[in-house]
Amino acid sequence: MRADTKVAGGGGWPMPVEPGIGARLSYALHHLLAANFLYRGLGGAVERRPRLYRWFTRVERAGKERLYGCRMCGQCALPATGYTCPMNCPKQLRNGPCGGVAADGMCEVYPRLKCVWVTAFERAEAAGHGGDMDLLQRPVDHREWGRSSWVNYWRGRDDELWTGAGDGRARPALHPRTEPGVR
Ligand code: SF4
């Protein structure tokens, strides 16, 4: 059975979204935005200027909403999920799929749509990143909704966003929330 497809760019309640851009291209684009001291400085400069921060966040929202159905959780999991946004899971599971996924990969809540975590597995595998599916994702910090995940990433707040499942070493951790313009 072919899944009905809800393409990225829609708003409203979370429901499975088919990304509007391929996983391989997404991984390639990530290299252009990979954190370094220049981006860290840019993120800091943006954060110190509330108006610029709002503008920057709007640009991020426009692009990522269209490509991935981004909901602006502010702590982006895309690099570890085959560039499939887990916040479009109706249960917003950060580690999935849930036990309700159908044998044919369809969502329990929207049976005509493919589970976002099945999509994530397929995209990650196809792009040679299947091992990412073993990573354990940190719980969502709900204080970060609406904030720029790019700035958070560049500023190092995503360093413990996911970890090796059961490796007994790394511990996913939350970071203190700070407001734009105060640092
Ligand atoms: S920032 Fe959050 S909501 Fe947006 S694409 Fe990344 S994981 Fe999804």
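Scroll up a little and you will see the structure.
As the structure is a prediction and not an experimental result, all values here were calculated from the model.

The volume enclosed by the largest pocket comes to roughly 410 Å³. What lines the largest pocket is a set of 19 residues, and nearest its centre among them are His30, Cys76, Pro79, Tyr83 and Trp150. At the level of secondary structure, the elements contributing two or more residues to the lining of the largest pocket comprise helix 1 (23-33), helix 3 (50-68) and helix 5 (149-154). The class makeup of the residues in the lining of the largest pocket is 12 nonpolar, four polar and three charged.

With that settled, consider the pattern of salt bridges. Within this structure, the stated rule accounts for eight salt bridges. Across the pair arginine 143 and aspartate 141 runs a salt bridge, and its minimum N-O distance is 2.8 Å. Classification of aspartate 141 by relative accessible area gives buried; the value is 6%. The partner of glutamate 144 in a salt bridge is arginine 147, with the nearest N and O atoms 2.8 Å apart. Taking relative accessible area as the criterion, glutamate 144 reaches 7% and is therefore assigned buried.

What follows deals with the nonpolar core. In this structure, Tyr27, Tyr68, Leu78, Tyr83, Met87, Trp117 and Met133 are the most contacted members of the largest nonpolar core, which totals 20 residues. When residues of this core are traced back to their parent elements, those giving at least two are helix 1 and helix 4 (116-126). Here this core takes five residues from helix 4, the largest share from any one element. With sequence-adjacent residues up to four places away left out, tyrosine 27 is seen in contact with Pro79, Gly82, Tyr83, Ala124, Ala127, His129 and Asp132. Within the second largest apolar cluster, five residues are counted, among which are Val46, Tyr53, Val151 and Trp154.

Each neighbour pair has its own omega, and for glycine 96 with proline 97 the value is 0 degrees, a cis peptide bond. Along the polypeptide, proline 97 turns up in the loop between helix 3 and helix 4. You will see that methionine 72, though not glycine, has its phi angle at about 60 degrees, which is positive. With respect to the helices, strands and loops of the structure, methionine 72 is situated in the loop between helix 3 and helix 4.

The full count for this structure, using the stated rule, is five aromatic pairs. Considering the side-chain rings of phenylalanine 56 and tryptophan 150, the 6.0 Å spacing of their centres and the 70 degrees angle between planes classify their relative orientation as edge-to-face. Linking phenylalanine 56 in helix 3 with tryptophan 150 in helix 5, this pair joins segments that are 94 residues apart in sequence. For tryptophan 150, a relative accessible area of 24% translates into the label partly exposed. Three or more aromatic residues joined by ring pairs form one cluster here, namely Tyr39, Phe56, Trp150 and Trp154.

Cut-offs and rules
Residues numbered from 1 in each chain as written. Predicted model: local features only at pLDDT ≥ 70, side-chain atom pairs only at ≥ 80, totals over all residues. Heavy atoms only, no water. 1 Å grid on protein atoms, 1.4 Å probe; cavity = no way out; pocket = protein on both sides within 12 Å on 5 of 7 lines; lining within 4 Å. Points joined across faces, edges and corners; volume = space filled by probe spheres on them. Helix = DSSP H or I, 4+ residues; strand = E, 2+ residues; numbered from the N terminus. Nonpolar A, V, L, I, M, F, W, Y, C, P; charged D, E, K, R; others polar. Salt bridge = Lys/Arg side-chain N within 4 Å of Asp/Glu carboxyl O. Buried < 20%, exposed > 50% of the residue type's maximum accessible area, 1.4 Å probe, protein only. Core = buried A, V, L, I, M, F, W, Y, C linked by side-chain atoms within 4.5 Å. Contact = heavy atoms within 4.5 Å. Phe/Tyr/Trp six-rings, centres within 6.5 Å; stacked < 30°, edge-to-face > 60°.

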